[in-house]
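# Reading the structure
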Amino acid sequence: MQLFDLCTYTVRLANQTDFAGWRDAARNLVLNDVEPQEIAWIVDADDHAASQLPAMPTVGQLKVSRDFIERAEVAFCHRDPERFALLYRLLWRMRSEPELLKIASDPDVGWFEAVEKAVGRDMHKMRAFVRFRQIGEGEDERYVAWFEPEHFIVERNAPFFARRFTGMRWSILTPFLSAHWDRAELTFTPGAHKHGLPADDAAEALWRTYYENIFNPARLKTRAMQKEMPKKYWRNLPEALLIPDLVAGAGAAAREMIEKMPTIPPAHHAKIQAKHWLTSRVSASGEGGADAHSLAALRKAAKGCQRCPLWHDATQTVFGEGPEEAAVVFVGEQPGDQEDIAGRPFVGPAGKMFDAVLEEAAIDRRETYVTNAVKHFKFEPRGKRRIHLKPNAGEIQTCRWWLDRELALIRPSLVVALGATAAQSLLGKVIPVTKMRGQLIKRDDGLRIFLTIHPSFILRIRGSAEQETERNRFLKDMQAVKGLIAS
Ligand code: URA
């Protein structure tokens, strides 16, 4: 006798990701007041028998928040075989406990949050670690990748790859399900075996060369990398074969590094942009922030800033980040390609360099406030790239409105101008930063401004010895900053 023979009702789902089947059955069962323990949930039953359900009641309505449905759809991708029953139990309980999902100590809610997070992490890993190998040329050109997700996320994640690699014909093979994109339509076939993949051939060798070239040693933090890229994923990455060599040579490679090439904004650029515009008050004058009494209110107002034309092509306003009580404020030039997409300052290559040097100077970035003189990314589209353009004096002056308010709210004991644009914004005139670096200037209002170079300046230096020297000078500046914060 099987467990489901003991249950009054049986729901047979078409497959592991048949959320629609679960949702329809669950609605029927809840409306019929069927208790969770009375239901057996079965997937892929060999006999293809039909579900055994009560008749759908003709009266009564089930009200479920859209938020729960969306979250349940994510949790449904988890590989936990109990998820169908546990999600039903949550749904069933929510009728008499409408605030149930807010009770973090409840074991069902705890489970729900944990599986949701696990699925999110797995989706993220798949996006980061899928690597395509080219097979075939010309008309036959297509790209194949093998990936082993922990959860049933292939269908949920496939549209992301279709958007990202929209011009390629590709297949992502996984043990559970395979996804295929023919430049127009997504299709799915059953899972694949790894031994069907192309061998370690020339295409992979090329891929590795490519990786070697784009490898960014300034980002190299072995422990962090292992956390981000657990070893179990390494075996599917052609470039993983190179990691030990690259780690060993990172010091030298860092000196050779140049600013990472900008990218075209991903497909979600427009979506982020639209969201920001929908959730913020459009403010051509910036008056939205004039009465802001907190950084949070100021940040919110800045979302809709149209004080200069740069807002138009940028993805979003990249506002400053850090605690309101920070003793030191770092001011950069403007967000770069990656900051524009992430919506956060100094997260791209220059940011990684900046982080590494701060760490060496024993300055905890989380205790500082990091912002930019100009809050929108200024660029010139060139083919598929967005090439950084320097903001002009008018843009710097206009955006100073926000920087002044950030500084008025934070009232730091020290401001560090990273480069000429920041210095110009803070001091109201062009400053020869390379000549004056390391100097501390007191403004008329008493604010102390420390001048130094922008970290991207170091990244642009070609020669390794020169780059090392420049990095050391920047480190010395940051050590001086550390001393000034304390004084
Ligand atoms: N350069 C800057 O000046 N600011 C950033 O946020 C990133 C790069």
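In case you missed it, the structure is sitting above this.
Below you will find a few notes about this structure. Not measured: the values here are computed from a predicted model. (Residues numbered from 1 in each chain as written. Predicted model: local features only at pLDDT ≥ 70, side-chain atom pairs only at ≥ 80, totals over all residues. Heavy atoms only, no water.)

### Observations concerning the state of the cysteines
Here the structure, examined in full by the defined rule, presents zero disulfides. Note on Cys305: no disulfide assigned, nearest cysteine sulfur contributed by Cys399 at a separation of 6.1 Å. (Disulfide = S-S within 2.5 Å.)

### Structural notes on a positive patch on the surface
There is a patch of like positive charges on the surface, built from Arg127, Arg156, Arg163 and Arg164. By residue number, the principal contributor to the positive patch is helix 5 (residues 154-164), which donates three residues. Here Arg163 shows up in helix 5. Judged by its relative accessible area of 41%, Arg163 is partly exposed. (Patch = residues over 30% accessible without salt bridge, like charges linked within 9 Å, V, L, I, M, F, W, Y side chains within 5 Å. Areas by Shrake-Rupley, 256 points an atom, 1.4 Å probe, with all protein chains shown as cover. Salt bridge = Lys/Arg side-chain N within 4 Å of Asp/Glu carboxyl O. Lys, Arg positive; Asp, Glu negative; His and termini not counted. Charge placed at Lys NZ, Arg CZ, Asp CG, Glu CD. Helix = DSSP H or I, 4+ residues; strand = E, 2+ residues; numbered from the N terminus. Buried < 20%, exposed > 50% of the residue type's maximum accessible area, 1.4 Å probe, protein only.)

### Structural notes on the site of the ligand
Surrounding the ligand, one finds Gly332, Glu333, Gln334, Pro335, Gly336, Glu339, Pro345, Phe346, Asn372 and His454. The backbone of Glu333 places a nitrogen or oxygen atom 2.7 Å from an oxygen atom of the ligand. Within the side chain of Asn372, one N or O atom sits 2.7 Å away from a nitrogen atom of the ligand. Across the complex, the protein chains shield 93% of the 240 Å² of accessible surface that the ligand would expose by itself. Tallied by class, residues from the shell around the ligand come to three nonpolar, five polar and two charged. (Near = heavy atom within 4 Å. Polar contact = N/O pair within 3.5 Å; in protein donor to acceptor, adjacent residues only side chain to side chain. Nonpolar A, V, L, I, M, F, W, Y, C, P; charged D, E, K, R; others polar.)

### A short note on the sheet that holds strand 13 (residues 440-442)
One open sheet accounts for five strands, arranged 9-8-12-14-13; its pairing is mixed. Of all the strands in the sheet, just strand 9 (369-372) and strand 13 have a single pairing partner and so form its edges. For this sheet, the mean inter-axis angle between neighbouring strands, taken without regard to orientation, is 25°. Where strand 12 (residues 414-418) meets strand 14 (residues 448-452), four bridges bridge the pair, whose relative direction is parallel. Bridge pairing links Val415 to Ile449 in strand 14. On the sheet, helix 16 (residues 420-427) packs against strand 8 (328-332), strand 12, strand 13 and strand 14 and is oriented at approximately 135° with respect to strand 12. Along the sheet face, helix 19 (residues 464-486) touches strand 8, strand 12, strand 13 and strand 14 and points at about 165° away from the line of strand 14. (Pairing = 2+ DSSP bridges. Axes fitted to C-alpha atoms, helices over the stretch in contact; angles between N-to-C directions. Contact = heavy atoms within 4.5 Å.)

### With respect to the environment of Trp111
In this structure, Trp111 sits in helix 4 (residues 107-129). With 25 residues separating them in the primary sequence, Trp111 and Leu86 have C-alpha atoms 8.6 Å apart. Setting aside its immediate chain neighbours within four residues, Trp111 contacts Asp80, Arg83, Leu86, Leu87 and Leu90.

### A few points about the nonpolar core
A general tendency of soluble globular proteins is for nonpolar side chains to be buried together. Ranked by size, the top nonpolar core spans 57 residues in total, and within it Phe330, Trp402, Val416, Leu426, Met478 and Val481 carry the most contacts. Broken down by element, this core gets its largest block of residues, seven residues, from helix 15 (residues 393-410). Each residue touching Val416, except ones within four places of it in the same chain, is listed here: Val328, Val329, Phe330, Val331, Phe450, Thr452, Met478 and Val481. (Core = buried A, V, L, I, M, F, W, Y, C linked by side-chain atoms within 4.5 Å.)

### Overview of helix 16
Burial analysis of helix 16 places six of its eight residues in the buried class, which makes it a mostly covered element. Among the residues making up helix 16, those that are buried are Thr421, Ala422, Ala423, Ser425, Leu426 and Leu427. Contacts from the buried residues of helix 16 go to strand 8, helix 15, strand 12, helix 17 (433-436), strand 13 and strand 14. Directly beyond the C-terminal end of helix 16, a positive phi value near 75° is found at Gly428.

### Notes on unusual backbone geometry
One non-glycine residue, Ala362, lies in the positive phi region at around 60°. Looking at the element boundaries, Ala362 is found in the loop between helix 14 (349-360) and strand 9.

### Structural notes on the packing of aromatic side chains
A full pass over the atoms with the stated rule returns 16 aromatic pairs. Here Phe161 and Phe165 contribute two aromatic rings whose centre-to-centre distance is 6.4 Å and whose plane-to-plane angle is 15°, an arrangement assigned as stacked. Owing to a relative accessible area of 1%, Phe161 belongs among the buried residues under this scheme. Here a set of aromatic residues connected by ring pairs shows up, and it is made of Phe19, Trp22, Trp41, Phe76, Phe84 and Tyr88. It is Arg83 that lies over the ring of Phe76; its NZ or CZ is 5.6 Å from the centre. A cation over an aromatic ring shows up here: Arg405 above the ring of Trp401, its NZ or CZ 3.8 Å from the ring centre. (Phe/Tyr/Trp six-rings, centres within 6.5 Å; stacked < 30°, edge-to-face > 60°. Lys NZ or Arg CZ within 6 Å of the ring centre and 35° of its normal.)

### As for the pairing of strand 2 (residues 39-43)
Within a regular beta strand, the side chains point alternately toward one face of the sheet and then the other, so they alternate between its two faces. Counting buried residues in strand 2 gives five out of five residues, a clear majority hidden from the surface. Burial of strand 2 is two-sided: the residues Ile39, Trp41 and Val43 facing one way and the residues Ala40 and Ile42 facing the other way are all buried. Bridge count between strand 1 (residues 9-13) and strand 2: five bridges; the pairing is parallel. Along strand 2, the bridge assignment pairs Arg12 with Ile42.

### What to know about the packing of helix 3 (residues 83-96) against helix 4
Direction vectors running N to C along helix 3 and helix 4 enclose 125°, while the axes themselves pass 10 Å from each other. By the criterion of interaxial angle, the relationship of helix 3 to helix 4 is oblique. Classified by chirality, the crossing of helix 4 by helix 3 is left-handed. On helix 4, the residues that touch Arg83, Leu86, Leu87, Arg89, Leu90 and Arg93 of helix 3 are Asp108, Val109, Trp111 and Phe112. (Parallel < 35°, antiparallel > 145°, perpendicular 65-115°, else oblique. Left-handed = near helix turned anticlockwise from the far one by under 90°.)

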